Number of protein chains: 2
Amino acid sequence: MIRLLIADDQALVRGALAALLQLEDDLEVVAEVARGDEVVDAARESKPDVALLDVEMPGIDGLAAARLLRDAVPTCRVLMVTTFGRPGYLKQAMAAGASGFVVKDTPARQLADAVRRVHSGLRVVDPTLAAESLTQGDSPLTDREADVLQAARSGGTVAAIAATLFLSEGTVRNHLSSAIGKTGARTRAEAVRVAVDNGWLLPH
Amino acid sequence: MIRLLIADDQALVRGALAALLQLEDDLEVVAEVARGDEVVDAARESKPDVALLDVEMPGIDGLAAARLLRDAVPTCRVLMVTTFGRPGYLKQAMAAGASGFVVKDTPARQLADAVRRVHSGLRVVDPTLAAESLTQGDSPLTDREADVLQAARSGGTVAAIAATLFLSEGTVRNHLSSAIGKTGARTRAEAVRVAVDNGWLLPH
DNA sequence: AGCTTGTCGTGACACCTGTCATGGTCACGT
DNA sequence: ACGTGACCATGACAGGTGTCACGACAAGCT
């Protein structure tokens with residue numbers, strides 16, 4: 001019997017996922033949480049064998065939750081189940097100690113298989129995503145450039161970004177210019193779009 | 001026995017949703033589709049009583065699908081089941097002939113109830129969303145302003161927007177300026193963010 | 001007929017942005 | 001010790017952006 005923890009902020013999806021997996025004879029859902037910061041506590045209590053984590057959750061995101069879970073409950077393997085197949089998320093998830101990464105667009109039947117494989121110590125990765133991840137490589141952005149781009153997401157001016165990051169306006173412009181160049185964009189808004197699409201920015 | 005059609009682009013969610021609803025004695029899933037443009041054909045063939053439509057789908061979005069479905073199969077009632085609780089989507093959904101609108105964050109138990117209520121001719125609307133929708137009112141943007149803002153989403157320059165819309169650059173700037181003023185934003189990027197959050201722009 | 005509103009356009013102006021040159025500090029690996 | 005690269009900053013400049021004033025036309029309303 002494989003014990004499962006399911007973490008997803010959408011109650012409907014979470015419940016439906018649990019219902020689907022509960023149908024399998026060798027799977028048992030022992031915990032459900034809606035927030036990233038509830039994952040560790042729930043795992044400590046219910047001792048699951050595999051945790052299914054969504055990337056996008058309130059509290060802390062699934063990536064950070066995976067990191068914490070790896071330290072707190074090392075016996076629990078992590079399978080990321082996410083909506084968006086951003087190649088960058090895959091890298092971050094693997095770096096965070098996840099054993100698998102599948103998008104919600106995969107056939108339903110494959111999920112149970114993925115859970116069993118992860119439980120037996122194998123790694124499960126969406127093949128198309130893995131290919132994208134390889135061809136595209138790592139994020140070309142430096143930490144600071146990513147910070148500035150992240151701050152630019154809400155659409156504020158350079159002055160606003162500089163204020164929130166405690167930087168000079170000129171520095172912000174330089175980082176933005178560099179990020180725009182690296183993303184092949186022509187404006188900061190376009191650079192944000194490219195970076196988000198590739199998973200180079202943290203979920204929000 | 002209530003016959004159901006489920007339309008959602010995420011295979012996992014679609015299957016899980018079907019599994020969950022199949023558990024109810026009086027519900028029967030007779031069709032599942034992954035694209036908006038497959039809804040009408042599937043409905044013609046399987047004659048469902050209620051169609052559960054996601055707003056965001058490839059092909060055509062759930063709003064447009066609801067409009068087509070209303071004309072093609074008038075006996076089939078529409079229940080929108082969406083991820084994002086944008087108040088504007090609710091208005092558009094109701095205008096498109098939907099009988100209900102719930103977000104995926106609602107408790108699982110309530111979905112079956114919502115289906116039954118919709119089937120019996122009642123309207124089902126997420127209460128918090130309805131409140132937001134009332135307080136906030138309609139979109140203040142004119143059609144053209146929405147068009148320009150929509151074109152500005154990808155992050156292109158004024159020249160690019162003007163080219164795609166066959167307008168003068170000055171006109172584009174005027175519409176943008178007006179939209180920025182109406183949204184209370186200070187830059188076009190912020191205006192886009194506000195408009196998207198409120199559902200004043202079409203899904204994409 | 002008058003009025004309002006949305007749409008499209010021009011021109012002008014202050015300001016913001018993106019880019020570049022330049023220079024400094026710090027951490028890192030050789 | 002030295003080179004490299006990320007990081008921070010300043011200053012300057014061309015060009016893009018947001019705003020405003022003004023005009024013109026069509027559609028709808030009183």
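What you see is a predicted model, and the numbers here were worked out from it, not measured in a lab.

Secondary structure assignment for chain A yields 10 helices and six strands. Its C-alpha atoms put chain A at 60 × 35 × 30 Å along the principal axes. Carbon and sulfur atoms make up 49% of the accessible area of chain A, which totals about 9200 Å².

With 28 residues of chain B at the contact, the number on the chain A side is 28 residues. Summed over both sides, the interface of chain B with chain A buries roughly 2200 Å², with 71% coming from carbon and sulfur. Of all residues in chain B, B:Q10, B:L12 and B:K104 bury the most surface against chain A, accounting for 27% of the area lost on that side. Across the chain B-chain A interface, the total number found is zero salt bridges. Where chain B packs against chain A, one counts 11 residue pairs in polar contact (both at pLDDT 80 or more).

Looking now at the pattern of salt bridges. Overall, the coordinates contain 22 salt bridges over all chains when judged by the stated rule. Between B:E24 and B:R116 there is a salt bridge, and its shortest N-O distance comes to 2.7 Å. Residue B:E24 is found in the loop between α1 (11-22) and β2 (27-33), and its partner B:R116 is found in helix α5 (residues 108-119); the two are separated by 92 residues along the sequence. Residue classification places B:E24 among the partly exposed residues on the basis of a relative accessible area of 27%. With a closest N to O distance of 3.3 Å, B:R193 and B:D197 form a salt bridge. Note that B:R193 and B:D197 are positioned in helix α10 (residues 188-197) at a spacing of four residues, about one turn of the helix. Relative accessible area serves as the criterion here: at 37%, B:R193 is assigned to the partly exposed category. Among the charged side chains, a salt-bridge network with shared partners connects A:E24, A:D26, A:D113 and A:R116.

Next up on the list: the domain arrangement of chain A. Looking at the assigned domains, one finds that chain A contains domain 1 (2-135) and domain 2 (143-197). When each unit is reduced to the centre of its C-alpha atoms, the spacing between domain 1 of chain A and domain 2 of chain A is 31 Å.

Taken together, 17 residues are adjacent to DNA strand C, and A:N174, A:R188, B:T142, B:R144 and B:S168 come closest. Backbone atoms, meaning sugar plus phosphate, form 64% of the atoms of DNA strand C positioned within 4 Å of the protein. Contact distances for DNA strand C include 3.3 Å between a base oxygen and a side-chain N or O atom of B:N174. Residue B:H175 places a side-chain N or O atom 3.3 Å away from a phosphate oxygen belonging to DNA strand C. At the level of elements, α9 (169-183) of chain A together with α7 (143-151) and α9 (169-183) of chain B are the ones that each hand at least two residues to the surface near DNA strand C. With five residues, α9(B) is the largest single contributor of residues to the surface near DNA strand C. A per-class count over the surface near DNA strand C returns three nonpolar, nine polar and five charged.

For the pair chain B and chain A, the best superposition has an RMSD of 0.1 Å and corresponds to a rotation of 180 degrees with a translation of 0.1 Å parallel to the axis. Taken together, the rotation angle and the small translation identify this as a two-fold axis. Closest to the rotation axis within chain B is the C-alpha of B:A16, separated from it by 2.3 Å. Comparing contact sets, 100% of the residues at the interface of chain B also lie at the interface in chain A, consistent with an isologous, same-surface contact.

Our focus in this paragraph is unusual backbone geometry. Trans peptide bonds make up most of the peptide bonds, and negative phi angles are found at most residues other than glycine. You will see that A:K47, though not glycine, has its phi angle at about 45 degrees, which is positive. Secondary-structure assignment places A:K47 in the loop between α2 (39-46) and β3 (50-53). By relative accessible area, which is 54% here, A:K47 ends up exposed. Of note, the phi angle at B:F166 is positive, near 55 degrees, even though the residue is not glycine.

Turning to the pairing of strand β4 (residues 77-82) of chain A, a few remarks are in order. Residue and element names in this part refer to chain A. Here β4 lies mainly inside the structure; five of its six residues are buried. Note: β3 against β4, four bridges, orientation parallel. Counterpart to V50 in the pairing with β4 is R77. Handedness of the crossover joining β3 and β4 through helix α3 (residues 62-72) is recorded here as right-handed. Pairing geometry for β4 and strand β5 (residues 100-103), over four bridges, is parallel. Considered in β5, the bridge of T82 is made with V103.

Okay, the sheet that holds strand β1 (residues 2-7) of chain A next. Sheet strands pair by backbone hydrogen bonding; their relative direction is either parallel or antiparallel. All names here are of chain A. The six strands are arranged β2-β1-β3-β4-β5-β6 in an open sheet whose pairing can be described as parallel. Bordering the open sheet on either side are β2 (27-33) and β6 (124-125), each of which pairs with just one other strand. Pairing between β1 and β3: four bridges, direction parallel. Residue pairing for β3: A7 is matched across the bridge by L53. Here helix α5 (residues 108-119) sits on the sheet in contact with β1, β2, β3, β4, β5 and β6, set at roughly 155 degrees to β4.

About the cut-offs
Residues numbered from 1 in each chain as written. Chains lettered and ligands numbered in written order. Predicted model: local features only at pLDDT ≥ 70, side-chain atom pairs only at ≥ 80, totals over all residues. Heavy atoms only, no water. Helix = DSSP H or I, 4+ residues; strand = E, 2+ residues; numbered from the N terminus. Areas by Shrake-Rupley, 256 points an atom, 1.4 Å probe, with all protein chains shown as cover. Contact = heavy atoms within 4.5 Å. Buried area = accessible area lost by both parts, 1.4 Å probe. Salt bridge = Lys/Arg side-chain N within 4 Å of Asp/Glu carboxyl O. Polar contact = N/O pair within 3.5 Å; in protein donor to acceptor, adjacent residues only side chain to side chain. Buried < 20%, exposed > 50% of the residue type's maximum accessible area, 1.4 Å probe, protein only. Domains from an automatic or database assignment. Near = heavy atom within 4 Å. Nonpolar A, V, L, I, M, F, W, Y, C, P; charged D, E, K, R; others polar. Least-squares fit on C-alpha atoms with pLDDT ≥ 70 in both. Pairing = 2+ DSSP bridges. Right-handed = clockwise from strand over helix to strand, strands pointing away. Axes fitted to C-alpha atoms, helices over the stretch in contact; angles between N-to-C directions.

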